[in-house]
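For reference, the chains in residue letters:
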Amino acid sequence: MTNARRNLSAATLALLACVLPASAFAQGGADKIQHIRPLDQTGVNVFESPKQDTTKYSPLHTAWGAAFTQDFQNLTHQTTSVPKVVSGVDQNKLMPIGPGFNNAMANLYMNTQLAPGIRVALTSYLSTRHHNETWVKDGYFLIDASPWDIPALNEIMKYATLRVGHFEVNYGDQHFRRSDAGNAIYNPFVGNLIMDAFTTEIGAELYLRNGPWMAMGGITGGEIRGTVEGPGQRAPTYLGKLGFDQQVTSDFRFRLTGSTYITQKSQNNTLYSGDRGGSHYFDVMENASSTTTSNAWSGEIQPGLRSKVHAFVLNPFIKYQGLELFGNIETVTGSAATETSDRTWRQLDGEVVYRFFPEEQMYVGYRYNTAKGELVGMPGDVGADRWSLAGGWFVTKNVLAKFEYTNQVYNNFPVTDIRNGGKFKGFMVEGVVGF
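Calculation criteria
Residues numbered from 1 in each chain as written. Predicted model: local features only at pLDDT ≥ 70, side-chain atom pairs only at ≥ 80, totals over all residues. Heavy atoms only, no water. Core = buried A, V, L, I, M, F, W, Y, C linked by side-chain atoms within 4.5 Å. Buried < 20%, exposed > 50% of the residue type's maximum accessible area, 1.4 Å probe, protein only. Helix = DSSP H or I, 4+ residues; strand = E, 2+ residues; numbered from the N terminus. Salt bridge = Lys/Arg side-chain N within 4 Å of Asp/Glu carboxyl O. Phe/Tyr/Trp six-rings, centres within 6.5 Å; stacked < 30°, edge-to-face > 60°. Lys NZ or Arg CZ within 6 Å of the ring centre and 35° of its normal. Pairing = 2+ DSSP bridges.

Caption draft 1: Quick peek at the nonpolar core. Membership of the largest hydrophobic core comes to 39 residues, with the highest contact counts inside it found for Tyr171, Leu271, Tyr272, Ala311, Val332 and Trp345. By residue number, the principal contributor to this core is strand β13 (residues 308–320), which donates three residues. By size, the runner-up hydrophobic cluster in this structure holds 14 residues, among which are Val44, Tyr109, Ala184 and Val353.

Caption draft 2: Spotlight on the pattern of salt bridges. Considering all chains together, one arrives at 27 salt bridges under this definition. Linking Glu48 and Arg255 is a salt bridge whose minimum nitrogen-to-oxygen distance equals 2.9 Å. Highlighted residues: Glu48 in the loop between α2 (23–26) and β1 (61–78) and Arg255 in strand β12 (residues 252–263), separated in sequence by 207 residues. One salt bridge in this structure joins Glu351 and Arg177, with 2.9 Å as the shortest N-O distance. A residue pair is termed long-range when its members are at least 10 positions apart, and Glu351 in strand β15 (residues 343–356) and Arg177 in the loop between β8 (160–168) and β9 (200–210) qualify at 174 residues. Residue Glu351 shares its accessibility class with Arg177, and that shared class is buried. A single network of salt bridges, built from pairs that share partners, joins Arg177, Lys319, Glu324, Asp349, Glu351, Arg355, Glu360 and Arg367.

Caption draft 3: Main features of the packing of aromatic side chains. A complete count under the given rule lists 13 aromatic pairs for this structure. Ring centres of Tyr281 and Phe424 lie 5.6 Å apart, and the angle between their planes is 55 degrees; on these two criteria the pair is classed as tilted. With Tyr281 in the loop between β12 and β13 and Phe424 in strand β19 (residues 423–434), the pair connects residues that are 143 residues apart, well separated along the chain. With relative accessibility at 1%, the residue Tyr281 sits in the buried group. Ring pairing ties together the aromatic residues Phe72, Phe101, Phe403 and Phe427, which thus form one cluster. It is Arg163 that lies over the ring of Tyr140; its NZ or CZ is 5.2 Å from the centre. Above the face of the Phe47 ring, Arg255 is positioned so that its terminal group lies 4.1 Å from the ring centre.

Caption draft 4: Looking closely at the pairing of β13. Along β13, the buried face is formed by Val309, Ala311, Val313, Asn315, Phe317 and Lys319; none of Lys308, His310, Phe312, Leu314, Pro316, Ile318 and Tyr320, which line the opposite face, is buried. Sheet topology places β12 next to β13; twelve bridges connect them, and they run antiparallel. Its bridge partner lying in β13, Phe254 is registered against Ile318. Note that β13 and strand β14 (residues 323–335) share eleven bridges and pair antiparallel. Each bridged residue has a counterpart across the sheet, and for Lys308 the counterpart in β14 is Ser335.

Have a look at this one:
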């Protein structure tokens, strides 16, 4: 991070401290914010922000939160690709890596209760692998009550939730369980999926919830940032989600959702490349001339569907006492702007987690994840398989220590690609704080 960026980040935080009332910092934390997912252990297995909320309204209350993650990495990698020399540099020579600490990542959260059932949220990345400087992730309104005391609107808002702004799109359920830069407390593992469906876009989502049933429809600009340029090269993105989530008995919970994401045309769609934090597997399967920030998604596969995207995912979740089963069954078809035909990718993920000890403070978990599809310029399907074994301990509800052993193998890449015969394996140790 340059000195100028450091000074800008410090100045931004100082400005916020000056313009917000002192009472915003003195009234307590997120326990006075309505309809919010906690940043500690109590937020695990919470998906959409809860509709039913008993939090008492606290006028114009602002709560700050933060999340920090530090990794120790001991991974090895290998390739069987042939040399690919460009300007005297072999692009298929792997980066030499060994055991060591990765750069820590940190997130900052601000939530302000503006009125009963109405809050504004702002998330900033203070430091991540991809962006070392402070970077705003999202900011949006979440509306769970009518701002006007009109009986008809009050009745509608018993079931409806409206989210408006720049937000993490609600495609699938895996994004509620992934590591988001410094916030890794919801993820029982260290890594995210091989094909990581996560992005932020500008638009609106409308939720209707009645008991265990949920329906969501949304529309966004289809890109990670706003623009008015190239109007003929962009089209709206449409989101949809249907779900059932019920605590059937005190021991048994069942959830099943299906989600879709559709855009016909985009200048730069990032559904599978929108992570501004970066992978927690540093430098695996990267060449010797790569950099940690520019090549920030190590171990993942981005299908390159930057223009047209038709994605669908089914997510079952079962929890019986301490045992959790989670699945991700996904298909996406689309293309880049220069392509004349569509390509298809399929991804499967299965996770088994068992939580035990008083209040589920400890857990063990196993994940198997596979992705397969077509990449531009490569004949036939390519892909990767990964299995991971993990364990964790919530030292307190705000502090999590994790261990993961992972093994990933790449399949069917041509000999001129660095991923030909590629594999990486080893263990990670991760410390997480969230409050």
